[in-house]
Amino acid sequence: MRSLCVEPFQNLSVVDTGARRAFTHCSPWKTNHKHEAVLSFPLSSPIRKSLCICLSSSANLPVMMEEKKQTFDANEAALLVEELNESFRTGKTKSYEWRVSQLKGIEKMVVEREKDICEALYKDLSKPEYEAFISEIAMVKSSCEEALKELKQWMKPEKAKTSMATYPSSAEIVSEPLGAVLVISTWNYPFSLSVKPVIGAITAGNAVVLKPSEIAPATSSLLSKLFEEYLDRSAVRVVEGGVLETTALLDQKWDKIFYTGSPRVGRIVMTAAAKHLTPVVLELGGKCPAVIDSDVDLQVTVRRIIAGKWQLNNGQACISVDYIITTKEFAPKLIDALRKGIEEFFGTDPMESKDISCIVSSNHFSRLESLMDDYKVFNKIVVGGQRNQKKLKIAPTIFLDVPGDSQLMQEEIFGPLLPIITVENVKDSIDLINSKPKPLTAYLFTNNEKLKNNFVQSVSSGGMVINDTVLHVTVSSLPFGGVGESGMGSYHGKFSFDAFSHKKAVLYRSFSGDASVRYPPYTPEKQKLIRAVMNGGIFDIILALMGF
């Protein structure tokens with residue numbers, strides 16, 4: 001509801017006869033101690049659209065209009081879900097043509113509004129335009145192009161084998177949309193991590209609501225406007241807001257919830273989903289390690305570590321290198337190379353670099369400051385450490401041998417701080433990683449084939465990259481997702497289509513081949529034959545038919 005206040009009450013006149021009639025039937029009027037007349041009406045009311053109030057006072061006193069902000073509550077959320085379900089029930093989202101039209105709408109949106117998207121990302125994160133294009137715009141455009149190219153193939157039923165027990169028969173797996181789905185995205189890549197799951201939901205034929213992160217308000221607002229302009233509002237919607245709006249959405253019955261963010265909020269999402277037995281995809285995070293052997297090409301390794309840490313939204317990424325493990329002997333050489341690489345990329349004063357993102361908010365800045373100022377680690381800084389709260393900037397900062405029980409090693413850093421942990425032998429890194437919750441990604445730099453194989457076989461993580469960082473997210477034929485505390489479910493490419501689809505098993509039979517062995521009475525001969533059939537051996541079946 002919104003309230004309209006007019007002061008003073010005695011000088012009220014209503015212009016527009018429709019509004020006058022509406023006013024006459026609105027009773028009772030409410031007045032306060034200032035003799036203001038207050039009329040409350042819904043946003044959708046025709047009164048709001050046609051009402052014009054002017055003041056006839058000879059004193060020409062100003063008209064005061066006080067609007068109470070509309071809140072998105074559980075009732076509105078329920079209405080929204082019902083609207084989307086009604087749209088889904090018409091069957092239009094299931095058609096190939098509708099899916100293609102929406103994908104082309106997103107593709108057109110990205111091309112035509114690239115400048116607006118980059119500006120919003122800069123407002124929220126000071127994200128350099130180059131980085132915004134590579135990690136946000138190009139990723140979404142590539143996802144659209146692949147979906148448009150492969151959608152027909154993805155939608156085709158998959159043939160499945162049948163058994164002797166169902167002979168003669170055929171079978172297939174049919175991918176069908178789930179219905180109305182909810183996507184809750186995060187702030188660090190507020191455009192791509194919002195739109196890419198929506199692409200998956202659309203390719204699978206669902207109606208979808210996107211809830212962008214309020215921590216990136218410029219991008220959230222832009223997404224709301226762009227979706228209205230380029231997509232079918234009857235089946236694809238954006239709901240902006242914070243905790244209250246998210247809670248209202250989570251109270252509803254969805255056919256799937258896709259959440260990207262922290263494990264803490266992931267637990268809240270999963271708890272809410274459990275009330276309705278709603279399946280979830282949780283794209284979370286964790287402490288992603290990078291193990292560096294001493295036999296590597298150090299210059300290339302350092303460049304790729306920097307790309308996977310500070311070039312990656314200044315460390316504010318779930319796949320960012322969270323900590324490094326290397327040997328005590330190799331650590332000084334690695335630190336010196338990292339120092340030189342940071343200077344090469346971001347200058348002698350990285351605080352002034354235009355090629356590095358800022359911290360997203362004062363709250364996150366304070367959290368990172370507390371990690372830096374922890375009495376267990378503040379004297380362990382070997383590179384960087386500069387900070388500017390006013391500009392929300394923290395320089396690339398490296399720590400050496402921080403204690404395992406420090407906050408820096410207990411929680412996901414999600415910022416430009418990088419601890420280096422040393423071990424006697426690089427093989428010991430595997431036990432160290434496995435002593436912690438399973439990470440979203442694990443990185444290894446080595447030329448040792450035995451170590452590579454051991455690392456792949458022994459370390460459990462959502463994904464893994466050998467001799468590089470982060471590039472696995474660009475390979476659409478690889479699933480992207482976590483394991484354990486780093487998440488559940490996966491997406492990207494066809495995996496996005498599958499994430500929002502139900503795989504329906506369909507068996508086809510004719511009326512021929514109806515064997516009496518299936519039905520009572522259960523004779524010893526039938527039992528022998530059915531055992532032979534279930535075992536699947538032709539020779540056994542022949543023997544059973546012959547009475548053996």
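It should be emphasised that the depicted structure is a prediction, and the values quoted were computed from it without experimental measurement. The written sequence of each chain sets the order in which its residues are numbered from 1. Local features are withheld for residues below a pLDDT of 70 in this predicted model, meaning they are given only at 70 or higher, and side-chain atom pairs are given and counted only at 80 or more; totals for whole chains, interfaces and linings count all residues. Side-chain descriptors were evaluated using all non-hydrogen atoms of the structure, hydrogens and water having been removed beforehand.

A. Local environment of the overall build of the protein chain. Counting secondary structure elements, the protein chain contains 19 helices and 25 strands. Only protein chains enter the area calculation, which uses a 1.4 Å probe; residues under 20% of their type maximum are buried, those over 50% are exposed, and those in between are partly exposed. Relative to its full complement of 548 residues, the protein chain shows a buried share of 49%. Exposure was quantified through the Shrake-Rupley algorithm and a 1.4 Å probe, taking into account, for residues, occlusion by the shown protein chains and nothing else. By element, 55% of the accessible surface of the protein chain is carried by carbon and sulfur atoms, the whole surface being about 27,000 Å². Under the DSSP-based scheme used, a helix requires at least four consecutive residues in state H or I and a strand at least two consecutive residues in state E, with every element numbered from the N terminus.

B. Fine view of the sheet that holds strand β25 (residues 501–509). Sheet architecture is open: three strands sit in the order β6-β7-β25, paired in antiparallel fashion. At either end of the open sheet lies a strand with only one pairing partner, and these are β6 (158–160) and β25. Recorded for the sheet is a direction-independent mean angle of 30 degrees between the axes of neighbouring strands. Between any two strands, pairing holds if DSSP finds at least two bridges. Relative to β25, strand β7 (residues 169–177) runs antiparallel, the two being bridged by nine bridges. Note that in β25 the partner of Val174 across the bridge is Lys504. Every axis in this analysis is a line fitted to C-alpha atoms, fitted for helices over the stretch in contact. Angles between the N-to-C directions lie between 0 and 180 degrees.

C. Just the layout of surface pockets, in detail. Of the pockets and cavities examined, the largest pocket occupies roughly 1,400 Å³. Of all the elements in the fold, those that place two or more residues in the lining of the largest pocket are α9 (243–250), β11 (256–260), α10 (263–274), α13 (362–373) and α14 (407–410). Throughout, the ten residues Ala, Val, Leu, Ile, Met, Phe, Trp, Tyr, Cys and Pro are labelled nonpolar, Asp, Glu, Lys and Arg are labelled charged, and all others, Gly among them, are labelled polar. When its residues are assigned to classes, the lining of the largest pocket shows 21 nonpolar, 17 polar and 11 charged. When its volume is computed, the second largest pocket comes out at roughly 870 Å³. Forming the walls of the second largest pocket are 30 residues, and the residues nearest its centre are Ile134, Ser135, Ala307, Leu312 and Val470. Secondary-structure elements contributing two or more residues to the lining of the second largest pocket are α6 (129–155), α7 (192–203), α11 (298–307) and α12 (331–346). Of all the elements, α6 adds the most residues to the lining of the second largest pocket, at five residues. Its residues assigned to classes, the lining of the second largest pocket comprises 18 nonpolar, six polar and six charged. Cavities and pockets were defined on a 1 Å grid built from protein atoms only: a cavity is a group of points that admits a 1.4 Å probe but offers it no way out, a pocket is an open group of points flanked by protein on both sides within 12 Å along at least five of seven lines, and a lining residue is one with an atom within 4 Å of any such point. Grid points are joined across faces, edges and corners, and a volume is the space filled by probe spheres set on the points.

D. How the structure looks around the UniProt feature "active site" (unreviewed entry) in the protein chain. When the UniProt feature table is mapped onto this chain numbering, "active site" (unreviewed entry) sits at Glu283 and Cys318. Taken along the chain, the residues just named run across 36 residues; in space they keep tight, none of their C-alpha pairs more than 8.9 Å apart. Narrowing the list just given to those that line the second largest cavity leaves Cys318. Considering the arrangement of structural elements, one finds Glu283 in strand β12 (residues 280–283). On the basis of relative accessible area, Glu283 is assigned to the buried category, the value being 2%. UniProt positions are given in the numbering used here, feature names are shortened, and annotations may be inferred rather than shown by experiment.

E. Focus on the pairing of strand β13 (residues 289–292). Because side chains alternate across β13, one face comprises the buried residues Pro289 and Val291, and the other comprises Ala290 and Ile292, equally buried. Read from β13 through α11 to strand β14 (residues 323–327), the crossover connection turns out right-handed. Taken together, the three bridges between β13 and strand β20 (residues 441–445) define a ladder with parallel strand orientation. Considered in β20, the bridge of Val291 is made with Leu444. Seen with the strands pointing away from the viewer, any crossover whose path from the first strand over the helix to the second strand runs clockwise is right-handed.

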